[in-house]
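Given next are the chains, with one letter for each unit.
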Amino acid sequence: MDNYLGPQKIIEKKKEFLFPCSQHFYKNPPQIVRGEMQYLYDSEGKKYLDFFAGVSVMNCGHCNPEILEASINQMKTLQHTTTIYLTQPIVDLAEKLSQILPGAIKHSFFCSTGSEANEGALLLARLYTGKNDFIALNNSLHGRTYLTMSTTAIPMWRADPSLSDCVSFVSNTYSKDKNLEDAANESLNTVQRVIKSKGAETIAALIAEPIQGNGGIITPPYWYFKRLKDLLESYEILLIIDEVQTGFARTGKMFAIENYDVVPDIMTVAKALGNGMPISAFCTNDKIAASFTKPSASTLGGNPVSASTAIAVLDYIEKHNLCNHAEKLGKKLYSELIRLQKKYPNIYDVRGIGLMVGAELLKENGEPASEETDFILEELKDRGILLGKNGLGRNVLAFQPPLVITEKDVDFLIDELDRAFSRVY
Ligand code: PMP
(Lines give C-alpha, C1' and ligand atoms only; values in the text may rest on other atoms or scores of the structure.)
Protein backbone atom coordinates (compact mmCIF):
# COMPACT_ATOMS: atom_id res chain seq x y z
CA MET A 1 0.00 0.00 0.00
CA ASP A 2 1.31 3.42 -0.91
CA ASN A 3 2.03 5.76 1.93
CA TYR A 4 -0.44 8.56 1.25
CA LEU A 5 -0.91 11.53 3.55
CA GLY A 6 -4.71 11.33 3.31
CA PRO A 7 -7.34 14.12 2.95
CA GLN A 8 -7.32 15.36 6.59
CA LYS A 9 -3.56 15.87 6.77
CA ILE A 10 -3.56 17.58 3.38
CA ILE A 11 -6.25 20.01 4.58
CA GLU A 12 -4.16 20.73 7.71
CA LYS A 13 -1.05 21.41 5.60
CA LYS A 14 -3.05 23.59 3.21
CA LYS A 15 -4.22 25.68 6.17
CA GLU A 16 -0.73 26.01 7.50
CA PHE A 17 1.31 26.54 4.33
CA LEU A 18 -0.98 27.79 1.54
CA PHE A 19 -3.25 30.87 1.60
CA PRO A 20 -6.83 30.94 2.86
CA CYS A 21 -7.92 31.87 -0.69
CA SER A 22 -7.01 28.33 -1.83
CA GLN A 23 -10.34 26.54 -1.50
CA HIS A 24 -11.46 23.04 -2.42
CA PHE A 25 -14.70 21.28 -3.36
CA TYR A 26 -16.59 18.84 -1.08
CA LYS A 27 -17.26 18.41 2.63
CA ASN A 28 -15.33 15.14 2.51
CA PRO A 29 -12.80 15.58 -0.28
CA PRO A 30 -10.74 12.64 -1.52
CA GLN A 31 -6.98 12.74 -2.04
CA ILE A 32 -6.54 12.19 -5.77
CA VAL A 33 -3.41 10.20 -6.47
CA ARG A 34 -3.62 8.85 -10.01
CA GLY A 35 -5.24 9.52 -13.37
CA GLU A 36 -5.90 7.30 -16.38
CA MET A 37 -7.73 8.87 -19.34
CA GLN A 38 -11.29 9.76 -18.11
CA TYR A 39 -10.73 8.21 -14.68
CA LEU A 40 -9.16 9.40 -11.45
CA TYR A 41 -8.25 7.32 -8.38
CA ASP A 42 -8.05 8.38 -4.74
CA SER A 43 -5.72 7.31 -1.93
CA GLU A 44 -8.17 4.57 -0.90
CA GLY A 45 -8.14 3.08 -4.39
CA LYS A 46 -11.63 4.39 -5.25
CA LYS A 47 -12.22 5.07 -8.95
CA TYR A 48 -13.96 8.23 -10.21
CA LEU A 49 -15.31 9.13 -13.61
CA ASP A 50 -13.95 12.64 -14.09
CA PHE A 51 -16.63 14.92 -15.52
CA PHE A 52 -14.77 18.23 -14.99
CA ALA A 53 -11.32 17.50 -16.53
CA GLY A 54 -9.52 19.82 -14.10
CA VAL A 55 -11.69 22.67 -15.44
CA SER A 56 -11.56 21.89 -19.16
CA VAL A 57 -7.85 21.05 -19.19
CA MET A 58 -7.54 17.29 -19.66
CA ASN A 59 -9.42 17.11 -22.99
CA CYS A 60 -7.25 14.19 -24.16
CA GLY A 61 -7.52 12.34 -20.83
CA HIS A 62 -5.28 11.96 -17.78
CA CYS A 63 -1.77 10.60 -18.36
CA ASN A 64 -2.62 9.93 -22.00
CA PRO A 65 0.18 7.54 -23.08
CA GLU A 66 0.56 8.93 -26.62
CA ILE A 67 0.99 12.48 -25.30
CA LEU A 68 3.15 11.45 -22.35
CA GLU A 69 5.56 9.77 -24.73
CA ALA A 70 6.14 13.07 -26.56
CA SER A 71 6.60 14.98 -23.27
CA ILE A 72 8.98 12.43 -21.78
CA ASN A 73 11.07 12.12 -24.96
CA GLN A 74 11.45 15.89 -25.05
CA MET A 75 12.25 16.04 -21.32
CA LYS A 76 15.04 13.54 -21.81
CA THR A 77 16.46 15.50 -24.76
CA LEU A 78 16.14 19.24 -24.06
CA GLN A 79 13.95 20.89 -21.41
CA HIS A 80 14.52 24.59 -21.50
CA THR A 81 16.64 27.26 -23.13
CA THR A 82 14.30 30.33 -23.33
CA THR A 83 13.60 32.21 -26.55
CA ILE A 84 17.04 33.83 -26.83
CA TYR A 85 18.19 30.53 -28.37
CA LEU A 86 16.68 28.88 -31.44
CA THR A 87 14.73 25.68 -30.82
CA GLN A 88 12.33 23.84 -33.12
CA PRO A 89 9.23 22.80 -31.10
CA ILE A 90 8.05 26.40 -30.54
CA VAL A 91 8.03 27.22 -34.27
CA ASP A 92 6.55 23.85 -35.24
CA LEU A 93 3.74 24.43 -32.73
CA ALA A 94 3.12 27.98 -33.96
CA GLU A 95 2.94 26.72 -37.55
CA LYS A 96 0.56 23.91 -36.59
CA LEU A 97 -1.64 26.33 -34.65
CA SER A 98 -1.75 28.70 -37.63
CA GLN A 99 -3.25 25.86 -39.67
CA ILE A 100 -6.15 25.36 -37.24
CA LEU A 101 -6.76 28.90 -35.93
CA PRO A 102 -9.76 30.63 -37.56
CA GLY A 103 -9.38 32.92 -40.60
CA ALA A 104 -6.06 34.70 -41.03
CA ILE A 105 -4.99 34.30 -37.37
CA LYS A 106 -1.45 33.12 -37.74
CA HIS A 107 0.97 34.51 -35.13
CA SER A 108 1.28 33.14 -31.58
CA PHE A 109 3.01 34.51 -28.51
CA PHE A 110 3.49 31.64 -26.05
CA CYS A 111 3.25 31.95 -22.29
CA SER A 112 2.15 29.60 -19.50
CA THR A 113 -1.31 30.49 -18.12
CA GLY A 114 -4.67 31.74 -19.32
CA SER A 115 -4.28 34.94 -17.30
CA GLU A 116 -0.95 35.66 -18.94
CA ALA A 117 -2.37 35.06 -22.43
CA ASN A 118 -5.32 37.41 -21.79
CA GLU A 119 -3.05 40.06 -20.26
CA GLY A 120 -0.94 39.87 -23.43
CA ALA A 121 -4.03 40.08 -25.65
CA LEU A 122 -5.19 43.25 -23.87
CA LEU A 123 -1.72 44.76 -24.21
CA LEU A 124 -1.66 43.88 -27.91
CA ALA A 125 -5.04 45.56 -28.44
CA ARG A 126 -3.66 48.75 -26.87
CA LEU A 127 -0.49 48.61 -28.98
CA TYR A 128 -2.42 48.12 -32.23
CA THR A 129 -5.23 50.63 -31.65
CA GLY A 130 -3.39 53.23 -29.58
CA LYS A 131 -6.50 53.26 -27.36
CA ASN A 132 -6.67 52.49 -23.65
CA ASP A 133 -10.03 51.15 -22.49
CA PHE A 134 -11.90 47.86 -22.68
CA ILE A 135 -15.41 46.41 -22.62
CA ALA A 136 -16.12 43.08 -20.91
CA LEU A 137 -19.31 41.11 -20.26
CA ASN A 138 -21.13 40.51 -16.99
CA ASN A 139 -20.30 37.05 -15.57
CA SER A 140 -16.90 37.06 -17.29
CA LEU A 141 -13.70 35.51 -15.96
CA HIS A 142 -10.44 36.35 -17.71
CA GLY A 143 -7.74 35.89 -15.06
CA ARG A 144 -5.87 36.83 -11.94
CA THR A 145 -3.40 39.46 -13.15
CA TYR A 146 -4.27 43.14 -12.70
CA LEU A 147 -5.84 43.86 -16.10
CA THR A 148 -7.41 40.44 -16.51
CA MET A 149 -8.91 40.64 -13.01
CA SER A 150 -10.14 44.12 -13.94
CA THR A 151 -11.94 42.61 -16.96
CA THR A 152 -13.39 39.85 -14.76
CA ALA A 153 -16.96 40.57 -13.68
CA ILE A 154 -17.64 37.67 -11.29
CA PRO A 155 -17.46 39.29 -7.83
CA MET A 156 -15.80 36.31 -6.11
CA TRP A 157 -12.86 36.46 -8.55
CA ARG A 158 -12.24 40.21 -8.07
CA ALA A 159 -9.98 40.05 -5.02
CA ASP A 160 -8.13 43.33 -5.63
CA PRO A 161 -9.99 46.23 -3.96
CA SER A 162 -8.59 48.80 -6.40
CA LEU A 163 -9.00 47.34 -9.85
CA SER A 164 -8.58 49.45 -12.97
CA ASP A 165 -11.48 51.66 -14.02
CA CYS A 166 -10.56 51.32 -17.70
CA VAL A 167 -13.12 48.51 -18.09
CA SER A 168 -16.85 48.97 -18.75
CA PHE A 169 -19.09 45.98 -18.17
CA VAL A 170 -22.10 45.25 -20.38
CA SER A 171 -25.00 42.78 -20.12
CA ASN A 172 -24.17 39.24 -21.14
CA THR A 173 -26.72 36.96 -22.79
CA TYR A 174 -28.06 35.36 -19.59
CA SER A 175 -31.79 35.66 -19.31
CA LYS A 176 -33.81 35.14 -16.14
CA ASP A 177 -36.93 34.23 -18.11
CA LYS A 178 -34.97 32.17 -20.68
CA ASN A 179 -35.75 34.53 -23.53
CA LEU A 180 -32.26 34.24 -24.93
CA GLU A 181 -32.94 36.28 -28.06
CA ASP A 182 -34.08 39.33 -26.09
CA ALA A 183 -31.17 39.01 -23.67
CA ALA A 184 -28.68 38.83 -26.55
CA ASN A 185 -30.27 41.86 -28.24
CA GLU A 186 -30.09 43.76 -24.95
CA SER A 187 -26.42 42.81 -24.62
CA LEU A 188 -25.67 44.34 -28.05
CA ASN A 189 -27.68 47.43 -27.13
CA THR A 190 -25.63 47.94 -23.98
CA VAL A 191 -22.39 47.56 -25.98
CA GLN A 192 -23.64 50.28 -28.32
CA ARG A 193 -24.65 52.52 -25.39
CA VAL A 194 -21.23 52.16 -23.71
CA ILE A 195 -19.42 52.96 -26.97
CA LYS A 196 -21.57 56.05 -27.46
CA SER A 197 -21.18 57.29 -23.90
CA LYS A 198 -17.44 56.63 -23.51
CA GLY A 199 -16.49 57.40 -27.11
CA ALA A 200 -15.18 54.82 -29.61
CA GLU A 201 -11.85 56.67 -29.68
CA THR A 202 -11.18 55.51 -26.08
CA ILE A 203 -12.00 51.80 -26.42
CA ALA A 204 -9.34 49.38 -27.68
CA ALA A 205 -11.22 46.10 -27.49
CA LEU A 206 -14.08 44.03 -26.16
CA ILE A 207 -13.02 40.77 -24.53
CA ALA A 208 -15.43 37.83 -24.26
CA GLU A 209 -15.56 34.08 -23.75
CA PRO A 210 -17.58 32.38 -26.53
CA ILE A 211 -19.34 30.37 -23.81
CA GLN A 212 -18.86 31.79 -20.32
CA GLY A 213 -17.39 28.99 -18.22
CA ASN A 214 -17.17 30.12 -14.60
CA GLY A 215 -20.02 32.54 -15.28
CA GLY A 216 -22.40 29.56 -15.57
CA ILE A 217 -22.01 28.05 -19.08
CA ILE A 218 -23.76 31.09 -20.53
CA THR A 219 -24.22 30.26 -24.21
CA PRO A 220 -25.14 33.08 -26.62
CA PRO A 221 -27.46 32.41 -29.58
CA TYR A 222 -25.75 31.54 -32.86
CA TRP A 223 -26.16 35.01 -34.44
CA TYR A 224 -24.75 36.90 -31.45
CA PHE A 225 -21.02 37.09 -32.16
CA LYS A 226 -21.48 37.98 -35.84
CA ARG A 227 -23.56 41.00 -34.94
CA LEU A 228 -21.21 41.88 -32.09
CA LYS A 229 -18.19 41.74 -34.43
CA ASP A 230 -19.93 43.92 -37.05
CA LEU A 231 -20.87 46.45 -34.39
CA LEU A 232 -17.33 46.63 -32.99
CA GLU A 233 -15.78 46.80 -36.43
CA SER A 234 -17.91 49.82 -37.33
CA TYR A 235 -16.23 51.63 -34.42
CA GLU A 236 -12.71 50.21 -35.01
CA ILE A 237 -12.82 48.32 -31.73
CA LEU A 238 -11.13 44.90 -31.65
CA LEU A 239 -12.78 41.65 -30.58
CA ILE A 240 -10.67 39.47 -28.26
CA ILE A 241 -12.05 35.97 -27.86
CA ASP A 242 -10.93 34.08 -24.74
CA GLU A 243 -10.89 30.38 -25.68
CA VAL A 244 -9.01 29.41 -22.51
CA GLN A 245 -11.82 27.16 -21.31
CA THR A 246 -13.68 26.45 -24.56
CA GLY A 247 -10.82 25.59 -26.91
CA PHE A 248 -9.48 22.37 -28.45
CA ALA A 249 -12.48 20.31 -29.56
CA ARG A 250 -14.58 20.75 -26.42
CA THR A 251 -17.57 22.21 -28.27
CA GLY A 252 -17.37 19.91 -31.28
CA LYS A 253 -15.19 22.40 -33.17
CA MET A 254 -11.53 23.04 -32.54
CA PHE A 255 -12.53 26.46 -31.13
CA ALA A 256 -15.94 27.43 -29.77
CA ILE A 257 -16.05 30.67 -31.77
CA GLU A 258 -16.20 28.55 -34.95
CA ASN A 259 -19.73 27.55 -33.90
CA TYR A 260 -20.54 31.25 -34.33
CA ASP A 261 -18.80 31.57 -37.69
CA VAL A 262 -16.77 34.57 -36.59
CA VAL A 263 -13.06 35.34 -36.86
CA PRO A 264 -11.90 37.40 -33.86
CA ASP A 265 -9.07 39.91 -34.10
CA ILE A 266 -7.16 38.31 -31.22
CA MET A 267 -7.71 34.90 -29.66
CA THR A 268 -6.31 33.41 -26.48
CA VAL A 269 -5.75 29.73 -25.73
CA ALA A 270 -4.42 27.81 -22.71
CA LYS A 271 -5.58 24.88 -20.54
CA ALA A 272 -6.33 22.00 -22.96
CA LEU A 273 -3.50 22.99 -25.34
CA GLY A 274 -1.06 21.45 -22.87
CA ASN A 275 -3.36 18.70 -21.48
CA GLY A 276 -1.85 19.37 -18.04
CA MET A 277 1.44 20.96 -19.16
CA PRO A 278 1.49 24.74 -18.60
CA ILE A 279 1.19 26.47 -21.97
CA SER A 280 -0.93 29.32 -23.31
CA ALA A 281 -0.83 31.83 -26.14
CA PHE A 282 -2.35 34.94 -27.59
CA CYS A 283 -2.77 34.74 -31.32
CA THR A 284 -3.55 37.22 -34.09
CA ASN A 285 -3.25 38.10 -37.78
CA ASP A 286 -0.30 39.68 -39.68
CA LYS A 287 -1.55 43.24 -39.35
CA ILE A 288 -2.14 43.27 -35.60
CA ALA A 289 0.98 41.20 -34.85
CA ALA A 290 3.09 43.82 -36.63
CA SER A 291 2.26 46.35 -33.90
CA PHE A 292 4.12 44.40 -31.20
CA THR A 293 7.74 45.35 -31.87
CA LYS A 294 9.35 46.10 -28.50
CA PRO A 295 11.22 43.06 -27.20
CA SER A 296 9.10 40.75 -25.06
CA ALA A 297 9.45 37.18 -23.86
CA SER A 298 7.99 34.85 -21.29
CA THR A 299 10.83 32.84 -19.75
CA LEU A 300 9.02 29.50 -19.81
CA GLY A 301 6.53 30.33 -22.57
CA GLY A 302 6.42 27.62 -25.23
CA ASN A 303 9.55 25.91 -23.98
CA PRO A 304 10.55 22.66 -25.73
CA VAL A 305 8.65 20.41 -23.29
CA SER A 306 5.36 22.33 -23.30
CA ALA A 307 5.55 22.95 -27.06
CA SER A 308 6.26 19.29 -27.88
CA THR A 309 3.43 18.26 -25.60
CA ALA A 310 1.05 20.70 -27.29
CA ILE A 311 1.99 19.36 -30.73
CA ALA A 312 1.19 15.84 -29.48
CA VAL A 313 -2.14 17.15 -28.10
CA LEU A 314 -3.12 18.63 -31.47
CA ASP A 315 -2.09 15.41 -33.24
CA TYR A 316 -4.12 13.35 -30.79
CA ILE A 317 -7.24 15.51 -31.22
CA GLU A 318 -6.96 15.14 -35.00
CA LYS A 319 -6.08 11.44 -35.08
CA HIS A 320 -8.86 10.44 -32.70
CA ASN A 321 -11.40 12.84 -34.18
CA LEU A 322 -12.23 14.36 -30.80
CA CYS A 323 -14.29 17.17 -32.39
CA ASN A 324 -16.81 14.67 -33.79
CA HIS A 325 -16.74 12.63 -30.62
CA ALA A 326 -17.43 15.70 -28.44
CA GLU A 327 -20.28 16.76 -30.72
CA LYS A 328 -21.87 13.31 -30.70
CA LEU A 329 -21.56 12.64 -26.97
CA GLY A 330 -22.46 16.26 -26.21
CA LYS A 331 -25.78 15.80 -28.02
CA LYS A 332 -26.47 12.62 -26.05
CA LEU A 333 -25.57 14.29 -22.75
CA TYR A 334 -27.73 17.32 -23.56
CA SER A 335 -30.81 15.27 -24.49
CA GLU A 336 -30.45 13.04 -21.41
CA LEU A 337 -30.25 16.14 -19.20
CA ILE A 338 -33.37 17.56 -20.88
CA ARG A 339 -35.08 14.23 -20.05
CA LEU A 340 -34.04 14.63 -16.40
CA GLN A 341 -35.26 18.23 -16.45
CA LYS A 342 -38.78 16.98 -17.28
CA LYS A 343 -38.63 14.78 -14.18
CA TYR A 344 -37.03 17.39 -11.91
CA PRO A 345 -38.33 20.91 -12.71
CA ASN A 346 -35.77 22.39 -10.31
CA ILE A 347 -33.38 21.94 -13.23
CA TYR A 348 -34.27 25.37 -14.53
CA ASP A 349 -32.08 25.38 -17.62
CA VAL A 350 -29.75 23.11 -19.59
CA ARG A 351 -27.32 24.90 -21.92
CA GLY A 352 -24.00 24.62 -23.71
CA ILE A 353 -22.44 23.19 -26.85
CA GLY A 354 -20.68 19.84 -27.26
CA LEU A 355 -19.12 18.60 -24.04
CA MET A 356 -19.40 21.98 -22.31
CA VAL A 357 -22.82 21.75 -20.74
CA GLY A 358 -24.38 23.37 -17.69
CA ALA A 359 -27.55 22.59 -15.72
CA GLU A 360 -28.79 25.50 -13.64
CA LEU A 361 -30.64 24.58 -10.44
CA LEU A 362 -33.16 26.94 -8.85
CA LYS A 363 -35.24 26.72 -5.70
CA GLU A 364 -39.05 26.91 -5.96
CA ASN A 365 -38.86 30.63 -5.13
CA GLY A 366 -36.48 31.26 -8.07
CA GLU A 367 -33.35 31.70 -5.93
CA PRO A 368 -30.13 29.87 -6.88
CA ALA A 369 -30.17 26.35 -5.40
CA SER A 370 -26.57 26.54 -4.13
CA GLU A 371 -26.93 24.06 -1.23
CA GLU A 372 -28.77 21.56 -3.43
CA THR A 373 -25.97 21.88 -6.03
CA ASP A 374 -23.40 21.11 -3.34
CA PHE A 375 -25.46 18.14 -2.15
CA ILE A 376 -25.64 16.69 -5.66
CA LEU A 377 -21.89 17.22 -6.16
CA GLU A 378 -21.12 15.42 -2.88
CA GLU A 379 -23.56 12.56 -3.67
CA LEU A 380 -22.06 12.05 -7.11
CA LYS A 381 -18.54 12.08 -5.70
CA ASP A 382 -19.55 9.35 -3.26
CA ARG A 383 -21.02 7.41 -6.19
CA GLY A 384 -17.76 7.74 -8.16
CA ILE A 385 -18.31 10.79 -10.39
CA LEU A 386 -16.59 14.18 -10.18
CA LEU A 387 -18.70 17.05 -11.53
CA GLY A 388 -17.98 20.78 -11.62
CA LYS A 389 -20.05 23.74 -10.50
CA ASN A 390 -20.06 27.38 -11.48
CA GLY A 391 -22.31 30.41 -11.97
CA LEU A 392 -22.67 33.52 -9.80
CA GLY A 393 -24.90 31.65 -7.35
CA ARG A 394 -22.66 28.52 -7.51
CA ASN A 395 -25.81 26.72 -8.69
CA VAL A 396 -24.87 25.47 -12.15
CA LEU A 397 -23.73 21.86 -12.47
CA ALA A 398 -20.86 21.87 -14.98
CA PHE A 399 -20.33 18.91 -17.31
CA GLN A 400 -16.89 19.31 -18.94
CA PRO A 401 -15.36 15.83 -19.05
CA PRO A 402 -12.23 14.66 -20.87
CA LEU A 403 -13.33 14.26 -24.51
CA VAL A 404 -12.32 10.60 -24.46
CA ILE A 405 -15.40 9.51 -22.48
CA THR A 406 -17.71 6.83 -23.88
CA GLU A 407 -21.50 6.52 -24.28
CA LYS A 408 -21.42 4.15 -21.32
CA ASP A 409 -19.81 6.86 -19.18
CA VAL A 410 -22.65 9.25 -20.08
CA ASP A 411 -25.24 6.57 -19.21
CA PHE A 412 -23.54 5.95 -15.87
CA LEU A 413 -23.50 9.68 -15.12
CA ILE A 414 -27.18 10.13 -15.99
CA ASP A 415 -28.27 7.12 -13.89
CA GLU A 416 -26.33 8.35 -10.88
CA LEU A 417 -27.50 11.92 -11.38
CA ASP A 418 -31.09 10.68 -11.47
CA ARG A 419 -30.52 8.85 -8.16
CA ALA A 420 -28.90 11.91 -6.58
CA PHE A 421 -31.74 14.20 -7.71
CA SER A 422 -34.33 11.77 -6.36
CA ARG A 423 -32.73 12.21 -2.93
CA VAL A 424 -33.16 16.00 -3.06
CA TYR A 425 -36.44 16.44 -4.92
N1 PMP B 1 -10.03 32.71 -18.99
C2 PMP B 1 -10.97 31.79 -18.72
C3 PMP B 1 -12.19 31.72 -19.60
C4 PMP B 1 -10.82 30.91 -17.65
O5 PMP B 1 -11.76 30.00 -17.40
C6 PMP B 1 -9.66 31.01 -16.83
C7 PMP B 1 -9.43 30.10 -15.63
N8 PMP B 1 -10.43 29.32 -15.23
C9 PMP B 1 -8.71 31.98 -17.15
C10 PMP B 1 -8.93 32.81 -18.23
C11 PMP B 1 -7.45 32.12 -16.34
O12 PMP B 1 -6.61 31.06 -16.63
P13 PMP B 1 -5.39 30.66 -15.65
O14 PMP B 1 -5.97 30.14 -14.38
O15 PMP B 1 -4.63 29.61 -16.44
O16 PMP B 1 -4.58 31.88 -15.46
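Okay, so let's go over this structure. (Residues numbered from 1 in each chain as written. Predicted model: local features only at pLDDT ≥ 70, side-chain atom pairs only at ≥ 80, totals over all residues. Heavy atoms only, no water.)

For D418, the position within the fold is in helix α13 (residues 407-424). The buried category is assigned to D418, whose relative accessible area is 18%. Dropping the residues within four chain positions of it, D418 is found in contact with L340, K343 and Y344. (Helix = DSSP H or I, 4+ residues; strand = E, 2+ residues; numbered from the N terminus. Buried < 20%, exposed > 50% of the residue type's maximum accessible area, 1.4 Å probe, protein only. Contact = heavy atoms within 4.5 Å.)

Another aspect to go through is the sheet that holds strand β12 (residues 356-361). Sheet architecture is open: 4 strands sit in the order β11-β12-β15-β14, paired in antiparallel fashion. On the outer flanks of this sheet lie β11 (347-353) and β14 (388-390), each paired with one strand and no other. Ignoring strand direction, the axes of neighbouring strands in this sheet form an average angle of 25°. Here β11 runs beside β12; their pairing, made up of 6 bridges, is antiparallel. (Pairing = 2+ DSSP bridges. Axes fitted to C-alpha atoms, helices over the stretch in contact; angles between N-to-C directions.)

Quick look at the pairing of β12 now. Taken across its 6 residues, β12 has 6 buried, putting it largely inside the fold. Neither face of β12 is open: one carries M356, G358 and E360, the other V357, A359 and L361, and all of them are buried. From the end of β11 to the start of β12, which pair antiparallel, there are 2 residues, and G354 there has a positive phi angle of about 60°. Alignment of β12 against strand β15 (residues 396-399), held across 4 bridges, turns out to be antiparallel. The partner of E360 across the bridge, within β15, is V396.

The strand order across the open sheet built from 4 strands is β1-β2-β3-β13, with neighbouring strands paired in mixed fashion. Among the strands making up the open sheet, the edge pair consists of β1 (32-36) and β13 (385-386). The pairing of strand β2 (residues 39-42) with strand β3 (residues 47-50) spans 3 bridges and is classified as antiparallel. Bridge pairing in β3 places L40 opposite Y48.

The biggest cluster of nonpolar side chains holds 94 residues, and the ones touching the most others in it are F248, L333, L397, F399 and L417. Here this core gets 8 residues from one element, more than from any other, and that element is helix α10 (residues 304-319). Ignoring any residue separated from it by four or fewer positions in sequence, one finds F399 in contact with F51, L333, L337, L355, M356, V357, G358, A359, L387, L413 and L417. In this structure, L147, C166, A204 and F282 belong to the second largest nonpolar core, which totals 17 residues. (Core = buried A, V, L, I, M, F, W, Y, C linked by side-chain atoms within 4.5 Å.)

Let us look at unusual backbone geometry. One non-glycine residue, E236, lies in positive phi territory at about 55°. Secondary-structure assignment places E236 in the loop between α8 (224-234) and β8 (238-242). You can call E236 exposed: its relative accessible area is 65%. A positive phi angle, close to 80°, is found at A249, a residue other than glycine. Mapped onto the secondary structure, A249 falls in the loop between β8 and β9 (266-269).

In the region of the ligand, 14 residues are neighbours, and G114, S115, D242, Q245 and K271 sit closest. Here L141 contributes a backbone N or O atom positioned 3.4 Å from a nitrogen atom of the ligand. Considered on its own, the ligand offers 390 Å² of accessible surface; in the complex 84% of this is hidden by protein. No other element matches helix α5 (residues 114-129), which puts 3 residues into the shell around the ligand. In terms of residue class, the shell around the ligand is made up of 2 nonpolar, 8 polar and 4 charged. (Near = heavy atom within 4 Å. Polar contact = N/O pair within 3.5 Å; in protein donor to acceptor, adjacent residues only side chain to side chain. Areas by Shrake-Rupley, 256 points an atom, 1.4 Å probe, with all protein chains shown as cover. Nonpolar A, V, L, I, M, F, W, Y, C, P; charged D, E, K, R; others polar.)

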